[in-house]
Amino acid sequence: GVPLALVLRVATVAAGSCTPVVGAVVDVWQCDATGAYSDIRDPRFNTVGKRFLRGYQITDGEGRARFTTIYPGAYPGRAVHIHFKVRVKGDTKNHELVSQIYFDDVLTDRVHAQPPYSGRERRTRNSEDGLYRRGGRELTLAVTEAKEGYAASFDVGMKLT
């Protein structure tokens, strides 16, 4: 697939300001260019025992977790997306946020017109995805062209109280 450099910046939101969260565990997982997830048995594919496009990073001193991945493919019923989970160990309780980030349909059309994405069944557009319709616009990445492929960053704000 087309390379994607992804940065998730995690911050705690309190009293009208944001402070980077250092040491948070950030997981991401996504499908490959053909729409297959790793270690899954599905009517369209069987990848049980194979591990790809899943991983985690620990946020640095600026609250950033960096991933080198690919632009996701598509599968029936869902808009193109990447799942993420942020886990923060607290003094008295742990915090966890699970969500997903989306891609602009125009860019996805351009990426998916080339191999290995091309030639697949029609993909679900953002406006047709029930989860996207419930706040996906705020979770859509601002993607830029990079030296090789694309790059994007996304800010994740958490209340850690």
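First, a word on what this report is: a plain description of the structure on this page. Being a predicted model, the structure only gives us computed values, none of them experimental.

### So, the packing of aromatic side chains
Link 1 in the chain: This model, assessed by the stated rule, comprises five aromatic pairs.
Link 2 in the chain: A centroid spacing of 5.0 Å and a plane angle of 90° characterise the contact between Tyr102 and Tyr132, whose relative ring orientation is edge-to-face. With Tyr102 in strand β9 (residues 95-102) and Tyr132 in the loop between α1 (105-112) and β10 (142-145), the pair connects residues that are 30 residues apart, well separated along the chain.
Link 3 in the chain: By relative accessible area, Tyr132 is classed as buried at 13%.
Link 4 in the chain: Each residue in the set Tyr71, Phe103 and Tyr150 is aromatic and connected to the rest through ring pairs, giving one cluster.

### Comments concerning the nonpolar core
Link 1 in the chain: Formed by 31 residues in total, the largest nonpolar core has its most connected members in Leu6, Leu8, Tyr71, Val86 and Ile101.
Link 2 in the chain: Of all the elements in the fold, those that place two or more residues in this core are β1 (3-14), β3 (25-29), β7 (64-70), β8 (81-88), α1 and β11 (150-158).
Link 3 in the chain: Those residues in contact with Val86, other than ones at most four positions away along the chain, are Val10, Ala24, Val25, Val26, His95, Glu96, Leu97, Val156 and Met158.

### Thoughts on the pattern of salt bridges
Link 1 in the chain: Within the structure shown, the criterion is met by nine salt bridges.
Link 2 in the chain: Notably, a salt bridge pairs Asp60 with Arg64, separated by 3.3 Å at the nearest N-O pair.
Link 3 in the chain: Residue class for Arg64 comes out partly exposed when judged on its relative accessible area of 27%.
Link 4 in the chain: Notably, a salt bridge pairs Asp109 with Arg125, separated by 2.9 Å at the nearest N-O pair.

### Section: the pairing of β3
Link 1 in the chain: Where β3 and strand β6 (residues 54-58) come together, five bridges link them in antiparallel fashion. Residue Val25 lies in a different strand from β6, and its bridge partner there is Ile58.
Link 2 in the chain: Inspection of the sheet shows β3 paired to β8 by five bridges, in the antiparallel sense. Note on β8: the bridge partner recorded for Val25 is Arg87.

### A short note on the sheet that holds β6
Link 1 in the chain: The sheet built from four strands is open, its strands ordered β6-β3-β8-β9 with antiparallel pairing. Unpaired on one side and paired on the other, β6 and β9 mark the two borders of the sheet. Averaged over all adjacent pairs, the angle separating strand axes in this sheet is 20°, with direction ignored.

### Considering the environment of Arg87
Link 1 in the chain: The topology assignment puts Arg87 in strand β8.
Link 2 in the chain: Put simply, Arg87 and Leu6 are 81 residues apart on the chain and 18 Å apart in space, counted from C-alpha to C-alpha.
Link 3 in the chain: Ignoring sequence-local partners within four residues, the contact set of Arg87 consists of Ala24, Val25, Asp27, His95 and Glu96.
Link 4 in the chain: At 2.6 Å, the side chain of Arg87 and the side chain of Asp27 are in polar contact.

### Quick notes on the side chain of His95
Link 1 in the chain: Relative to the elements of secondary structure, His95 occurs in strand β9.
Link 2 in the chain: If we ignore the near neighbours within four places in the chain, the residues touching His95 are Val86, Arg87, Val88, Met158, Lys159, Leu160 and Thr161.

### Comments concerning the side chain of Asp129
Link 1 in the chain: Structurally, the position occupied by Asp129 is in the loop between α1 and β10.
Link 2 in the chain: Here Ala79 takes part through its backbone nitrogen, which lies 2.6 Å from a polar atom of the side chain of Asp129.
Link 3 in the chain: When residues no more than four places from it in sequence are discounted, the contact partners of Asp129 are Gly77, Arg78, Ala79 and Thr124.

### Notes on unusual backbone geometry
For residues that are not glycine, phi is negative in most cases, and the peptide bond is trans in most cases.
Link 1 in the chain: Cis peptide bonds are those with omega within 30 degrees of zero, and the linkage from Pro115 to Pro116 qualifies with 5°.
Link 2 in the chain: Here Pro116 shows up in the loop between α1 and β10.
Link 3 in the chain: With a phi angle near 50°, Ala15 is a residue other than glycine that sits in the positive phi range.
Link 4 in the chain: When its relative accessible area of 86% is taken as the criterion, Ala15 is described as exposed.
Link 5 in the chain: Within the chain, Leu53 stands out as a residue other than glycine whose phi angle is a positive 55°.
Link 6 in the chain: Topologically, Leu53 is positioned in the loop between β5 (45-46) and β6.

Here is what the cut-offs are and how they apply
Residues numbered from 1 in each chain as written. Predicted model: local features only at pLDDT ≥ 70, side-chain atom pairs only at ≥ 80, totals over all residues. Heavy atoms only, no water. Phe/Tyr/Trp six-rings, centres within 6.5 Å; stacked < 30°, edge-to-face > 60°. Helix = DSSP H or I, 4+ residues; strand = E, 2+ residues; numbered from the N terminus. Buried < 20%, exposed > 50% of the residue type's maximum accessible area, 1.4 Å probe, protein only. Core = buried A, V, L, I, M, F, W, Y, C linked by side-chain atoms within 4.5 Å. Contact = heavy atoms within 4.5 Å. Salt bridge = Lys/Arg side-chain N within 4 Å of Asp/Glu carboxyl O. Pairing = 2+ DSSP bridges. Axes fitted to C-alpha atoms, helices over the stretch in contact; angles between N-to-C directions. Polar contact = N/O pair within 3.5 Å; in protein donor to acceptor, adjacent residues only side chain to side chain.

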